[in-house]
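Chain by chain, the residues:
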Amino acid sequence: YLIFLIVYLTSNPLLASTQNIKIMREDGIILNANLSKNLQNDSVYIIVHGTRGFKTMEIIKSLEQKIFHEGHDVLSINLSYGINNRNDSFLSCDIKHTHNEHESVREIINWYEYLLSKNYKKISLVGHSRGGYNIIQAAELINNKDLELHMLAPIVDTYIGTRDYYETEHNLPYDQIIQDNDEYIISERYPSINFLFCENAQVSSNTFRSYLDFSENRKKYPFTFSILKLLNESNNNISIYSGSSDEILFDSYKMFESIDKRNLTQYIIEDADHFFRDIFLDDVIDLMFD
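Description of the structure in this document.

Conventions we followed
Residue numbers here run from 1 along each chain, matching the order of that chain's written sequence. Per-residue local features of the predicted model are confined to residues with pLDDT of at least 70, and side-chain atom pairs are confined, for both listing and counting, to 80 or more; whole-chain, interface and lining totals are unaffected and use all residues. Hydrogens are left out, water is left out, and the side-chain values use all remaining heavy atoms of the structure. In this description a helix means any DSSP run of H or I spanning at least four residues, a strand means any run of E spanning at least two, and both kinds are numbered starting from the N terminus. Burial classes: relative accessible area under 20% of the type maximum marks a residue as buried, over 50% as exposed, and values in between as partly exposed (1.4 Å probe, protein chains only). In this description, a disulfide is simply a cysteine sulfur pair whose atoms lie within 2.5 Å. Here the arc refers to the set of directions running from the helix axis out to each C-beta atom. Contact definition: two residues touch when any of their heavy atoms are within 4.5 Å. Two strands form a pair only when DSSP identifies at least two bridges running between them. Working convention: axes come from line fits to C-alpha atoms, limited for helices to the stretch in contact. Angles between N-to-C directions cover 0 to 180 degrees.

1. Observations regarding unusual backbone geometry
Stage number 1. Following Tyr221, the chain continues to Pro222 via a peptide bond in cis, the omega torsion being 0 degrees.
Stage number 2. Here Pro222 shows up in the loop between helix 6 (205-212) and helix 7 (227-233).
Stage number 3. At Asn119, a position not held by glycine, the phi torsion is positive, near 70 degrees.
Stage number 4. Summarising the element assignment, Asn119 is placed in the loop between helix 2 (101-117) and strand 8 (122-128).
Stage number 5. The exposed category is assigned to Asn119, whose relative accessible area is 54%.

2. Focus on the state of the cysteines
Stage number 1. Under the counting rule described, the total for this entry stands at one disulfide.
Stage number 2. The disulfide bridge from Cys93 ends at Cys198, spanning 2.1 Å between sulfur atoms. The sign of the S-S torsion, about -80 degrees, decides the handedness of the disulfide formed by Cys93 and Cys198: left-handed. In this pair, Cys93 is assigned in the loop between strand 6 (73-77) and strand 7 (96-97) and Cys198 in strand 11 (residues 198-203), connecting sequence segments 105 residues apart.
Stage number 3. Take Cys93: its relative accessible area is 28%, and that puts it in the partly exposed class.

3. Section: helix 8 (residues 280-288)
Stage number 1. Residues Phe280, Leu281, Val284, Ile285 and Met288 constitute the buried set of helix 8. Down the axis of helix 8, the buried side of the element spans an arc of 150 degrees, and every buried residue falls inside it.
Stage number 2. On its buried face, helix 8 sits against strand 5 (43-48), helix 1 (58-69), strand 9 (148-152), strand 12 (238-243) and strand 13 (264-269).

4. What about the sheet that holds strand 7?
Stage number 1. If you walk across this open sheet you meet the three strands as 7-11-10, and the pairing is mixed. In this open sheet, the two edge strands, each paired with only one partner strand, are strand 7 and strand 10 (193-195).
Stage number 2. Bridge analysis of strand 10 against strand 11 gives two bridges, and the strand direction is antiparallel. Considered in strand 11, the bridge of Ile193 is made with Ala201.
Stage number 3. Along the sheet, helix 6 contacts strand 7, strand 10 and strand 11; its crossing angle with strand 10, the most-contacted strand, is approximately 55 degrees.

In structure tokens, the structure reads:
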């Protein structure tokens, strides 16, 4: 059950009105989001940021403004990473990583349920980078085929790629860590690793599994399935927007071309980078609302 907390009204010259919304997880952690709201609108987009990001970073703020100007309400959320009322800044690398990606996905569902309680008739999900992966995980659990998904430069991690990276680059026994249930800090038992773009990170084994287990364990669906597997199984209408000059994912977007489904459309935006800087976010919006 969610407890809806105080709503603070703020003004923004670019938006008609923005409300700071706070809800509470079952374990008492407060989640926060910005709701850009038109009068009497029944369509809303939930925007989910990428790895260690936040709701007011440049690409998320720009998306929020552009979608709002198309006539839709927009809810931009902060994933908590287990931090109470997490502020608008990148999650530090210099922490002990004990957060859990499964909880991030459930937070997206919490926000979806919040919007249902506000009588929105049409809810769409937008995710950037890892947020793109998270929204399809959430959609599989929500199980509403009318939910539309928009993925901007979604990550394309796979079992083989992840296993080979950690075994080759970090001498880490990936399969052994994934298959056991022991709780420990990985660097206390094995060499230090890179994790979520953090070098020499202090990462718990449970955290590592929650983000990087791609073993396709049906009992843990959808959390152990790659984005490619989830796309193949999804019945939702999904749009993927990839930049041909993505400096982080490079040309991994080509892996989506192997999926031939009527409910999936991929757009490749020439010269766009991972964050669709400059004019390229306008191209995304044009395609989203074509």
